[in-house]
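Each chain is listed here by its residues.
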Amino acid sequence: MEHIVFLTGRLAQPSLERVLAGMEPPFTWEVREIGLQVAGLMTADMVRRRVAAPVLTQAEGEEPRRADRLLLPGRCRGDVAALQAHYGIPVQRGPEELKDLPAFFNRQSKPVDLSSYRVAIFAEIVDAPRLDVAGIVERARGYAADGADVIDLGGLPATPFPHLEDSIRALKAEGLKVSFDSLDAAELLRGGRAGADYLLSLNIDTLWIADEVPSTPVLIPKTPQDEESLAQAIAAMQRKGRRFLADAILDPLPFGFTRSVCRYQRLRDRFPDVDILVGVGNVTELTEADTSGMNALLLGMCEELQASAILTTQVSAHARRAVREADVARRLMHAAHGSQSLAKGFTDELLTVHAKRPYPDTPQEIAQNAAGVRDPNFRVQVAADGLHVYNRDGHRLAQDAFALWPQLHLDNDAAHAFYMGVELARAEIAWRLGKRYVQDQPLDWGCAVERPREALDAWCAPGPTLRKKDDPA
């Protein structure tokens, strides 16, 4: 049986032991406090200095034996690979919160691969005729970075697009696939002859365009309700042996959405092998609600339909992360479908507003931690009952950050007051929304916010609680 040594600090040791004892894990374990108060301040260099190699168990009454794995606090900084080479056993960071240990080990036993997906993302630049070539390329780069597979240039009615050919060539030079979307047959021909990979959208009356250019057409019905005209277009393209995608037209809420979903299912039942495209932007763009949940639902539907592609947009400010959300959602749903599992426990990137486990510690556990603090530094934690602030001078609880201010006695310490104001504001937002709060860390908004991945192998500047007044930010 594997034996794991968990390294921690004095304050966290009792909580870590309680969590491990309640897990009934398939391994033996030992918790080792290495001589520091706060586990989050642990570094790889500190571990190397304070934990002898090889790592031997120190269980009372047992013969010392070599540990099989060393687990560090989640925010331990430094070169973990170097530690692993030094000790000759696997060394890894655990989760940032102790209460997440059970989920951490469950994920390890069931590794999740989110690298693959079924659905391609067509990301539309709806105002392409009004942008210059450089502006189109810049927008396309952003969409591609967020996960778009095809850049769709949207033509506008009665709006000239003289630089269409130049735009397509510039995008192709970037290594991007391009589609062109227009209601004008002459423009579609121009786009196809300039090298567009796809043309949106042809119906039974305009199929002749596909005979003139090599672009892959996206087929639509003459009207959304005319399913038979779409079937005729599909049959015609199948006779020609040409590749195509079929789009039954997704209607917005509440103007036929449910009926349009049924149309897609009938399309799939009638043509089991055709490539289907779903215009999800008609829902995400035209519904004023958070798009992360809508994308999860729509991409789950696409996975069930075995659709090949979606068309999405980022026009409205509330939909400005639609491409990135769709990228996360397609991977999540593909992994869930492939493993025959519910779409749970794979990633929290789509939990942008709420957290699955917002309050890892109970008020009683926080009170127990507070009772062991002997220094003046404020600790801020959030539980179901509100905001907890404690140090050696007392333990305070409130549900409003302003209610805590008089209890902190920081009137003559502007820098500290500003810091506590920021932290308490974050804490109150987290408590009211049901998000996870970690002191000195920004709130996690999932894929809704640009946030570079933190490199824990690198050393960082002092945190706000340690930075001196005259230090550069």
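Residues numbered from 1 in each chain as written. Predicted model: local features only at pLDDT ≥ 70, side-chain atom pairs only at ≥ 80, totals over all residues. Heavy atoms only, no water.

> Tell me what's going on with unusual backbone geometry, and back it up with residues and numbers.
In the segment running from L200 into S201, the intervening peptide bond is cis, with an omega of -5 degrees. You can see S201 is positioned in strand β8 (residues 198-202). Of note, the bond from L253 into P254 is cis; its omega dihedral lies within 30 degrees of zero at -10 degrees. Residue position: P254 is located in the loop between β10 (245-246) and α10 (257-270). (Helix = DSSP H or I, 4+ residues; strand = E, 2+ residues; numbered from the N terminus.)

> Outline the sheet that holds strand β12 (residues 309-313), supporting the account with residue identities and numerical values.
Reading around the circumference, β5-β6-β7-β8-β9-β10-β11-β12 is the order of the eight strands in this closed barrel, with parallel pairing throughout. Each of β6 (150-154) and β7 (177-181) is contacted by helix α6 (residues 164-173), which is oriented at about 170 degrees to β6, the strand it contacts most. Contacting β7 and β8, helix α7 (residues 185-193) runs over the sheet at an angle of about 160 degrees to β8. (Pairing = 2+ DSSP bridges. Contact = heavy atoms within 4.5 Å. Axes fitted to C-alpha atoms, helices over the stretch in contact; angles between N-to-C directions.)

> A description of the pairing of strand β2 (residues 28-33) should follow, citing residues and the corresponding values.
Both strand β1 (residues 3-8) and β2 contribute to a ladder of six bridges, which runs parallel. Following the sheet pairing, T8 is matched in β2 by E33. Each parallel crossover has a hand, and for β1 linked through helix α1 (residues 13-23) to β2 it is right-handed. (Right-handed = clockwise from strand over helix to strand, strands pointing away.)

> Break down the side chain of R93 for me, citing the residues and quoting the values.
Along the chain, the position of R93 falls in strand β4 (residues 91-93). Within the structure, R93 has its side chain in polar contact with the backbone oxygen of C76 (distance 2.7 Å). A polar atom in the side chain of R93 sits 2.9 Å from the backbone oxygen of G78. (Polar contact = N/O pair within 3.5 Å; in protein donor to acceptor, adjacent residues only side chain to side chain.)

> Lay out the packing of aromatic side chains with the relevant residues and their values.
Following the criterion strictly, the structure yields six aromatic pairs and no others. Where F6 meets F27, the ring centres are 6.3 Å apart and the plane angle is 35 degrees; that geometry is what we call tilted. A residue pair is termed long-range when its members are at least 10 positions apart, and F6 in strand β1 and F27 in the loop between α1 and β2 qualify at 21 residues. We classify F6 as buried; its relative accessible area is 3%. For the ring pair F104 and F105, a centre distance of 5.2 Å and an interplane angle of 85 degrees mean the geometry is edge-to-face. Overall, F104 belongs to the buried group, its relative accessible area being 11%. Classification of F105 by relative accessible area gives buried; the value is 11%. An aromatic cluster of three or more residues is present, and its members are F6, F27, F104 and F105. Between R330 and the ring centre of Y117, over which it is positioned, the NZ or CZ distance is 3.6 Å. (Phe/Tyr/Trp six-rings, centres within 6.5 Å; stacked < 30°, edge-to-face > 60°. Buried < 20%, exposed > 50% of the residue type's maximum accessible area, 1.4 Å probe, protein only. Lys NZ or Arg CZ within 6 Å of the ring centre and 35° of its normal.)

> Provide a residue-level description of the confidence of the model for the protein, including the pertinent values.
In this model, the protein carries a mean pLDDT of 91, and residues with pLDDT of at least 70 account for 93%. When the criterion is pLDDT under 50, residues 459-473 qualifies, and its contacts beyond four places in sequence or with other chains add up to 13 contacts. (pLDDT = per-residue confidence, 0-100.)

> So what about the pattern of salt bridges? Which residues, and what values?
A side chain of one charge can pair with a side chain of the opposite charge when the charged atoms of the two come close. Scanning all chains against the criterion turns up 28 salt bridges. Between R266 and E227 there is a salt bridge; the shortest N-O distance is 2.7 Å. Note that R266 is positioned in helix α10 and E227 in helix α9 (residues 227-240), a separation of 39 residues in sequence. Assessed through its relative accessible area of 42%, R266 is described here as partly exposed. What makes E227 partly exposed here is its relative accessible area of 30%. Shared partners join several salt bridges into a network, and the residues in it are D149, D327, R330 and R331. (Salt bridge = Lys/Arg side-chain N within 4 Å of Asp/Glu carboxyl O.)

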